[in-house]
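Each chain is listed here by its residues.
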Amino acid sequence: MLPELSLNVLDIANNSIRANATQIEIAISIHSDADILSIIISDNGCGMTEDQISHAQDPFYTTRTTRDVGLGIPFYKQAALNTGGSFSIASKTDIGTTVTATFGLSHIDRMPLGDINSTIHTLIISNKHIDFLYTYEFDGRKFHLDTREFREILGDIPLDLPEVSNYIKEYLEENQREVDGDYRF
Ligand SMILES: Nc1ncnc2c1ncn2[C@@H]1O[C@H](COP(=O)(O)OP(=O)(O)OP(=O)(O)O)[C@@H](O)[C@H]1O
Ligand SMILES: [Mg+2]
């Protein structure tokens, strides 16, 4: 499979899920003037101590018990740094975690964003008890999707009901097309 930033987003969001987050925010913004693509993922999960934050960026650290290297964060960090971008983790125990990565938009080593809508859609429909706040922005044009707003309108109707699930997927795709115009990132 081709490497895509959307798969890294899935990875980082899965860390939030494993940290027992009930709310996850994912913000993607592209600024062509500054030549930057930035991705911010924040959660209200268990958080990390200062020590854990620095360890998390080390490939041999993991709190998993099924294997002894954690590669999600180190890979993602390297991918950002390889494009002249930046990477940082801010976290507080019992408050949550924010992972910020920026990428050189036009850098030859920047992975394509890939199918970000599938990532967001999958996260939403497979995590019923988690609220997702997603924003996507390109040069000032943007849209957002907030599962709290959907739930408010839908009441007891679950987001993974096929009609609702399809609607969410189409909502994401339509809005991204509108924001991106003829560009593909
Ligand atoms: N959002 C988060 N909240 C709390 N702890 C986190 C968060 N993200 C990462 N961590 C901690 O950092 C460790 C390293 O994360 P990383 O994604 O690099 O590896 P992993 O999740 O353990 O394994 P892999 O991603 O390869 O499946 C995790 O095991 C977890 O302890
Ligand atoms: Mg991980």
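Cut-offs and rules
Residues numbered from 1 in each chain as written. Chains lettered and ligands numbered in written order. Predicted model: local features only at pLDDT ≥ 70, side-chain atom pairs only at ≥ 80, totals over all residues. Buried ≥ 20, exposed ≤ 12 C-beta atoms within 10 Å, placed from the backbone. Helix = DSSP H or I, 4+ residues; strand = E, 2+ residues; numbered from the N terminus. Arc of directions from axis to C-beta. Contact = placed C-beta atoms within 7 Å. Core = buried A, V, L, I, M, F, W, Y, C linked by C-beta atoms within 7 Å. Pairing = 2+ DSSP bridges. Axes fitted to C-alpha atoms, helices over the stretch in contact; angles between N-to-C directions.

Caption draft 1: Main features of helix H3 (residues 72-81). Three or more residues of H3 are buried, namely Ile73, Tyr76, Lys77 and Ala80. Down the axis of H3, the buried side of the element spans an arc of 100 degrees, and every buried residue falls inside it. Residues of H3 that are buried sit in contact with helix H1 (5-18), helix H2 (50-56), strand S3 (86-92) and strand S4 (96-104).

Caption draft 2: Local environment of the nonpolar core. Of all hydrophobic cores here, the largest spans 33 residues; its most connected members are Val9, Ala13, Ile26, Ile41, Ile120 and Phe132. When neighbours within four sequence positions are excluded, Ile41 is seen to be in contact with Val9, Ile12, Ala13, Ser16, Ile26 and Val99.

Caption draft 3: Broad picture of the pairing of S4. Pairing of strand S2 (residues 36-43) with S4 involves eight bridges; the strand directions are antiparallel. In the sheet register, Ile40 faces S4, and the bridge partner there is Thr100. Here seven bridges tie S3 to S4, and the two strands are oriented antiparallel to one another. Bridging across to S4, Lys92 finds its partner in Gly96. Counting the residues in the hairpin turn of S3 and S4 gives three residues, including Asp94, whose phi is positive at 65 degrees.

Caption draft 4: Layout of the sheet that holds strand S1 (residues 23-31). With mixed pairing, the six strands of this open sheet are ordered in space as S3-S4-S2-S1-S5-S6. Only two strands of the sheet have a single neighbouring strand rather than two, namely S3 and strand S6 (141-146). This sheet shows a mean twist of 5 degrees between the axes of neighbouring strands, independent of strand direction. In the packing of H1 onto the sheet, contacts are made with S1, S2 and S4, and the angle to S2 comes to roughly 20 degrees.

Caption draft 5: Structural detail: unusual backbone geometry. Positive phi outside glycine occurs at Asn20, with the angle close to 65 degrees. With a phi angle near 65 degrees, Asp94 is a residue other than glycine that sits in the positive phi range. Among the secondary structure elements, Asp94 is positioned in the loop between S3 and S4.

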